[in-house]
Amino acid sequence: MAVAGVLLKRSVSVVPVLAVVALIAFLLLRFSSGDPVAQLAGDNADPAAIAAIRARLGLDQPLPVQFLHWLWRLLQGDLGTSIVSNQPVSTQIVQRVGPTLAVSLTTIIFSVLVGVPIGVLAAWRRGGWLDRFAMWTSVTGFAVPTFAIGYFWIYLLSMQLGLFPVQGYASLSEGIGRFLWHLTLPTLTLSLVYVALIARVTRTSLLEVLNEDFVRTARAKGLPERIVVFKHALRNAAVPIVSIIGIGVALLIGGVVVTESVFNLPGLGRLTVDSVLARDYPVIQGIIMVFGGAYVAINLLVDISYSFFDPRISAQ
Amino acid sequence: MTATTVIAPASSSVGARTFVRKLLRNRTILFGLGVLALLALVAIFASVMWTVDPSALKPRLRLRPPSAVNWLGTDNLGRDIWSRLIYGSRVSLIVGAVVAVIAVIAGSALGLIAGMVRWIDNILMRMMDGMMAIPAILLAIALIGGLGANLVTICVAIAIPEIPRVARMVRSVVLTVREEAYVEAAVSMGTRLPVLVIRHIVPNILAPLIVQATYIASSAILIEASLSFLGIGMPDEFPSWGNMMADARLYFQIRPGLMLFPGICIALTVLGINRLGDGLRDMLDPRLARSVGGVK
Amino acid sequence: MSEAVLEVAGLTVGLTHDADGRRIVRDINVTVPRGQIVCVVGESGSGKSVTAFSVMALLPQGLKPVAGSIKLLGEELIAATDDRMRELRGSRIGMIFQEPMTALNPVMTVREQLAELIEWHSEKRHPKAEVDKRVLAALEDMLLPNAAQMMHAYPHQLSGGQRQRVMIAMAMLLEPILLIADEPTTALDVTTQKQILVLIKDLVKRKNIGVLFITHDFGVVADIADQVVVMQKGVVVESGSADTVLKNPAQPYTRLLIDSVPKGIRKSAEIREPSPTLLEVKALKMTYGHRGFLGRGRVTQAVKEAAFTLGRGEILGVVGESGSGKSTLARCVSRLMKPTSGEISLLGTDIARVSNETLRPHRRYVQVVFQDPYRSLNPRLSVGQSLIEGVVNFGATPEAARAKVATLLELVGMDTQILDRFPHEFSGGQRQRICIARALASEPQILIADEAVSALDVTVQAQVLRLFADLRSRLGLAMLFITHDLRVAGELCDRIMVMKSGEIVESGPTADIFDNPQHPYTKALFSAAPGRERLQ
């Protein structure tokens, strides 16, 4: 099947997933305690005024109708208006997306560049010092809360060694050097778990592949061991590695929310926390849609990339 | 040989005894069990562990260094750190256990249904896909934002995002086991669906489920700590390790211990549970290593 | 005799960390002369593959040669360095394996997999055009059609036979003097097997190489061997020229192996009376719909319009290669699958498309014995628990059921004291007997054996076939016997249906099919059956 066909098919398959994300985001608001309308109307509003706002927002309609209305506006790119700031939610999200995007990208790049080689070397020299070191690092990395890791880096690299700023964010317009300088600690913080995850999966899938028959064939062909591992085995282990990168995005986003708080980055994670504390539901809904959409999009890319790594998948 | 069968304890009492013996010979599992047992003891006997009221404010004794009275010093409100650490184990253990139980029960029910009834499968799995698209911590934050924060809502909010992961795993095991010749043989012998599920399918799910439950418990403890840290978790006066670390944010330059002690407690707890899970996984089925590799 | 390519003398393989001196193989002597095929024959666990992998120095971790010598053209291999062995592998010794699908790297093209041999076995770099030329020549040498296009194909785009040809092309690319073939045709259909055997024989003649051929099938041995080495439990029990060993085996074990090869001749040629019809299948169709996006998609017609009857006490063989639809047919008749359309009349009731609830009381009349005895018994249930399940389902008390299954175990030749033991304590053949006992427990009228003897060693296979024949005469059981092996069907069945691509191309009494096959496909199956000439 043509590449375009596969693309179209896979893209269509994410529509129901996004619809469910939208449904969850919608239901969250409807079933939350506390009346958003009362909040909107202020403390001393009379019942008539509340009813008027209710009607204006369409909240007097039955639930499915409300959902369809909401979905319709969503499709037009209208995420609603913040209760707190009265700004459109989309404007707010656009304003805050920069730092989140920046720290996520540096983390993904760093983690792949570090995690995959560690996993490969650990599998190649199974039981060696690197394998054991990587294993224990990942075991510990999984056990320590993200924010604690963040404070560890702050304590060590900022306060003791003075290498990096304790907190804060510099946008790209302030120069790439300053930008990366501020991103280093957040990236190191977020990466630990992600590197551990990627290294672990790389190691396991490589070891699994090394038991396959074609690896035996490669050895029977008299190929040097490094060719057997890096050429024959690693290419076959690519699909699980790429897929864990995609699945890990959910983990990454969770970590971003916490990390932004630790380092005081003005990103979407901070916006989420602030909105929850202020009960600003339209903003929370918008953020859920954005993060959910990002997750779906990245995993769509991952899905499509499978056919690049494994010719059998494109044949389906 | 048996490519997909999960070899696990036989249902006879002899099998159960050798299983326990195998458990106790595995150092990884022993370490995990040891940590958990210690924590359980501490949590149960918190009141007699040389503790004082963990929420008692002594404004005049703020940020004291360790002393004979306050073994680990006091925090910014003059509360005894030792006592708060000891009582904090209760929150973590309860959250870990309750979340694991909710997620496992709800998830395996959904997974069994999806695996056995084809027309529900499609709808259910689309729902699960949608839920999994929302990062667990974000969904938990949003849920708590809606429900308000107390022990029950926090447990529910952390458990809900885990349900689809359990459901997916259970469903995939069910689909694999259904293809086994011994299940087909039972079908052709006229075994009814409920018996089929209980006798031939559930035992295969048990092993991976126990393993996954440990990972869910440890991840729940981490998420609870993160929520407290963000100020969305347990009410502030409550002694939880996450709250302690959140309180320590402003003072950790003067007293790193405020951050360090609860951090070590969390890490040790999670480490213990994870090691237990790793050990069980390796013992019950090495092939599981990949399918439930998602640890937080 | 011509020059020896390979001389294995006194080879003993043991465990690397071995406390009690266990030996996997002991004192193996094998000589492979130039221009000859030496077959090492044995059942599972005989150590034949360990012998082959010792020569390649590719023993699984934990095993190592502890004594003896392996000489390739006089060069001692056991003492050779890792680097020297790597040089020899692929260039002087080629190897092919059982399962060509998994033996080829799925994410590399055929060209890449062949070209790297040239690349890693020579000092200088070769221009791409020259490499292409050599790869193409090697593929064409194996009679692969469209070799120029096939070079750029991935393994999954090839058929099983083509893959094995690619494997052989790869093994032969650098013109080795020794080819080691580890069960190279076991995973292939019988017609494909024939072609590969012809190809290997032809290679030996043209290139004057020596071949060490590992197999479990004396039929294959009879087709290609010049020399035979028979192994059992890690030792050589007999060796000699193929003619001598096949015609006058010196050892009873060799005799047993040869006799166990199904020859397709009915041992009891009793003519059975026409009997009441138990099962009548009409216009049965099974279509797998992969309904794709927007309603398009591929549709596989696994069974097209099957029709047959089965009478009491009759054994009907269904013979076909992989993908012929024979197993789908069995699964439809046993209603493990709901057919797309058609009629399955079981004792007068059409069960083709009834609901599971309606079906349940009828299930006891049709029971199935599956191919893989290792997966047919729930590993967590004791033999007794597995056996009584069906009996209890149909209304017996557990005590009555236990008494009943004890007699059944006796019937299938098993000890009745095993009820509380677990499946892992039994061998494949014993498990298959337990499965047969389980199938008989609900007093079925029809037994469906779906490749029930294919996974068994040849001596065990012969025993189970005798058991089936015995059960039929004692219980008057009707059987639908599904197999890929025409010879096996010939030994047991009264009538045979030959299936190909979902269609029944020929059916009739066994004798007629054997003496006078009509359909070209049936004829092809016969001429492909290994060992036909030399073993009769």
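Residues numbered from 1 in each chain as written. Chains lettered and ligands numbered in written order. Predicted model: local features only at pLDDT ≥ 70, side-chain atom pairs only at ≥ 80, totals over all residues. Heavy atoms only, no water.

Draft legend 1. Focus on the overall build of chain A. Looking only at helices and strands, chain A features 14 helices and zero strands. Taken from the N to the C terminus, the helices and strands of chain A come in the order α-α-α-α-α-α-α-α-α-α-α-α-α-α. With the C-alpha coordinates aligned to their principal axes, the bounding extent of chain A is approximately 85 × 55 × 35 Å. Per-residue burial over chain A gives 50% buried out of 316 residues. Pairs at least 24 residues apart make up 72% of the contacts formed inside chain A by residues separated by at least 6 positions. Surface exposure of chain A reaches about 14,000 Å², of which carbon and sulfur atoms provide 67%. Separation between the mean location of the 22 positive side-chain charges and that of the 16 negative ones in chain A comes to 12 Å. (Helix = DSSP H or I, 4+ residues; strand = E, 2+ residues; numbered from the N terminus. Buried < 20%, exposed > 50% of the residue type's maximum accessible area, 1.4 Å probe, protein only. Contact = heavy atoms within 4.5 Å. Areas by Shrake-Rupley, 256 points an atom, 1.4 Å probe, with all protein chains shown as cover. Lys, Arg positive; Asp, Glu negative; His and termini not counted. Charge placed at Lys NZ, Arg CZ, Asp CG, Glu CD.)

Draft legend 2. Layout of the nonpolar core. With 156 residues, the main nonpolar core has Trp70 and Ile288 of chain A together with Val99, Ile158, Phe229, Leu230 and Ile266 of chain B as its most contacted residues. Ranked by residue count, the leading element in this core is helix 11 (residues 225-263) of chain A, at 17 residues. The two domains that each donate at least three residues to this core are domain 1 (3-75) and domain 2 (91-309) of chain A. Dropping the residues within four chain positions of it, Ile288 of chain A is found in contact with Val21, Ala25, Leu28 and Gly293 of chain A together with Ile134, Leu138 and Ala142 of chain B. Counting 95 residues, the second largest nonpolar core, distinct from the first, contains Met95, Ile180, Val229 and Val245 of chain C. (Core = buried A, V, L, I, M, F, W, Y, C linked by side-chain atoms within 4.5 Å. Domains from an automatic or database assignment.)

Draft legend 3. Spatial organisation of the interface of chain C and chain A. The partner chain A presents 25 residues to the 28 residues of chain C that form the contact. For the pair chain C and chain A, the two sides together bury roughly 2,400 Å², of which 64% comes from carbon and sulfur. Between Lys231 of chain A and Glu116 of chain C there is a salt bridge whose closest N-O contact spans 3.2 Å. Across the chain C-chain A interface, the total number found is 14 residue pairs in polar contact (both at pLDDT 80 or more). For the side of chain C that touches chain A, the secondary-structure elements that each account for two or more residues are helix 1 (48-56), strand 6 (93-96), helix 3 (100-103), helix 4 (110-120) and helix 7 (160-172) of chain C. For the side of chain C that touches chain A, the element with the most residues is helix 4 of chain C, which contributes five residues. Its residues placed into classes, the side of chain C that touches chain A shows 17 nonpolar, six polar and five charged. (Buried area = accessible area lost by both parts, 1.4 Å probe. Salt bridge = Lys/Arg side-chain N within 4 Å of Asp/Glu carboxyl O. Polar contact = N/O pair within 3.5 Å; in protein donor to acceptor, adjacent residues only side chain to side chain. Nonpolar A, V, L, I, M, F, W, Y, C, P; charged D, E, K, R; others polar.)

Draft legend 4. Molecular detail of the interface of chain A and chain B. Between chain A and chain B, the residue contacts involve 50 residues of the former and 45 residues of the latter. At the boundary of chain A and chain B, one finds one salt bridge. We note a salt bridge from Arg200 of chain A to Asp278 of chain B, for which the minimum N-O separation is 3.6 Å. The interface formed by chain A and chain B contains three residue pairs in polar contact (both at pLDDT 80 or more). Mapped by element, the contributors of at least two residues to the side of chain A that touches chain B are helix 2 (15-30), helix 7 (129-143), helix 8 (146-160), helix 9 (176-210), helix 11, helix 12 (268-278) and helix 13 (281-309) of chain A.

Draft legend 5. Up close: the pairing of strand 10 (residues 235-241) of chain C. Residues and elements named next belong to chain C. Across six bridges, the pairing between strand 9 (residues 227-232) and strand 10 is antiparallel. Looking across to strand 10, one finds that Val228 is bridged to Gly240. In this structure, the hairpin formed by strand 9 and strand 10 is closed by a connection of two residues, where Lys233 is found at a positive phi of approximately 45°. (Pairing = 2+ DSSP bridges.)

Draft legend 6. Layout of the state of the cysteines. All names here are of chain C. Tallied over the entire structure, the rule returns zero disulfides over all chains. Counting only cysteine sulfurs, Cys493 is the nearest neighbor of Cys435, a cysteine outside any disulfide, at a range of 20 Å. The class for Cys493 is buried, based on a relative accessible area of 0%. (Disulfide = S-S within 2.5 Å.)

Draft legend 7. Region of the structure containing the sheet that holds strand 7 (residues 178-182) of chain C. Residues and elements named next belong to chain C. With mixed pairing, the six strands of this open sheet are ordered in space as 6-7-8-3-9-10. Edge strands, defined here as strands with exactly one partner in the open sheet, are strand 6 and strand 10. The sheet shows a mean angle of 15° between the axes of neighbouring strands, taken without regard to direction. Pairing analysis gives five bridges linking strand 3 (residues 37-41) to strand 8 (residues 210-215), with the strands arranged parallel. Following the sheet pairing, Val38 is matched in strand 8 by Leu212. Helix-sheet contacts for helix 7 involve strand 6 and strand 7, and the interaxial angle to strand 6 is about 170°. Running over the sheet, helix 11 (residues 252-260) touches strand 9 and strand 10 and is turned about 105° from strand 9. (Axes fitted to C-alpha atoms, helices over the stretch in contact; angles between N-to-C directions.)

Draft legend 8. Inspection of the packing of aromatic side chains at higher detail. This model, assessed by the stated rule, comprises eleven aromatic pairs over all chains. A ring pair is formed by Trp124 of chain A and Phe230 of chain A, whose centres lie 5.4 Å apart and whose planes are at 85°; its orientation type is edge-to-face. Residue Trp124 of chain A is found in helix 6 (residues 89-124), and its partner Phe230 of chain A is found in helix 11; the two are separated by 106 residues along the sequence. Residue Trp124 of chain A is classed as partly exposed on the basis of its relative accessible area of 28%. With a relative accessible area of 36%, Phe230 of chain A lands in the partly exposed category. Between Phe147 of chain A and Phe229 of chain B, the aromatic rings sit 4.1 Å apart at their centres with planes inclined by 10°, giving stacked as the arrangement. Within this pair, whereas Phe147 of chain A is found in helix 8, its partner Phe229 of chain B is found in helix 9 (residues 193-230), the two belonging to separate chains. According to the relative accessible area criterion, Phe147 of chain A is buried, its value standing at 0%. For Phe229 of chain B, a relative accessible area of 2% gives the class buried. Counting every residue linked through ring pairs, the aromatic cluster contains Phe26, Phe67 and Trp70 of chain A. Over the ring of Trp136 of chain A we find Arg275 of chain B; its NZ or CZ atom is 5.1 Å from the centre of that ring. (Phe/Tyr/Trp six-rings, centres within 6.5 Å; stacked < 30°, edge-to-face > 60°. Lys NZ or Arg CZ within 6 Å of the ring centre and 35° of its normal.)

Draft legend 9. The sheet that holds strand 16 (residues 366-369) of chain C, seen in detail. Residue and element names in this part refer to chain C. If you trace the six strands from one edge of the open sheet to the other, you get 16-17-18-13-19-20, paired in mixed fashion. The open sheet has two edge strands with one neighbour each: strand 16 and strand 20 (503-509). Between one strand and the next, the sheet's axes are offset by a mean angle of 15°, whatever the strand orientation. With five bridges joining them, strand 13 (residues 315-319) and strand 18 (residues 478-483) adopt parallel strand pairing. Paired with Val319 across the strands is Thr483, a residue of strand 18.

Draft legend 10. Fine view of the pattern of salt bridges. All names here are of chain C. This model, assessed by the stated rule, comprises 45 salt bridges over all chains. With its nearest N and O atoms 2.9 Å apart, the salt bridge here joins Glu3 to Arg34. In this pair, Glu3 is assigned in the segment before strand 1 (4-15) and Arg34 in the loop between strand 2 (23-33) and strand 3, connecting sequence segments 31 residues apart. When its relative accessible area of 22% is taken as the criterion, Arg34 is described as partly exposed. Of the charged contacts in the structure, one is a salt bridge between Arg206 and Asp202, with a shortest N-O distance of 2.7 Å. Of this pair, Arg206 and Asp202 both sit in helix 8 (residues 190-207), four residues apart, which is roughly one turn of that helix.

Draft legend 11. Expanded view of unusual backbone geometry. All names here are of chain C. Positive phi outside glycine occurs at Asp27, with the angle close to 50°. Tracing the chain through its elements places Asp27 in strand 2. Under the relative-accessibility criterion, Asp27 is labelled partly exposed at 48%. Although it is not a glycine, Asn208 sits at a positive phi angle of roughly 55°.

Draft legend 12. Structural context of the confidence of the model for chain C. Confidence along chain C averages 88 in pLDDT terms, with 96% of residues attaining 70 or more. The element-level mean pLDDT for chain C is lowest in helix 21 (residues 532-535) of chain C, coming to 70, with strand 3 of chain C highest at 95. (pLDDT = per-residue confidence, 0-100.)

Draft legend 13. Structural detail: the domain arrangement of chain C. All names here are of chain C. When its domains are assigned, chain C resolves into domain 1 (4-92 + 176-260), domain 2 (103-175) and domain 3 (277-528). Centre-to-centre separation of domain 1 and domain 2, based on C-alpha positions: 25 Å. Taken over both partners, the interface formed by domain 1 and domain 2 buries close to 1,400 Å², and the fraction arising from carbon and sulfur atoms is 64%. Contact with domain 2 buries surface across domain 1, with Pro176, Leu199 and Lys207 losing the most and accounting together for 34% of the total. Counting every contact that joins domain 1 to domain 2 gives three salt bridges. Among the salt bridges present, the one from Lys207 reaches Glu175, with a minimum N-O distance of 3.5 Å. The interface formed by domain 1 and domain 2 contains four residue pairs in polar contact (both at pLDDT 80 or more).

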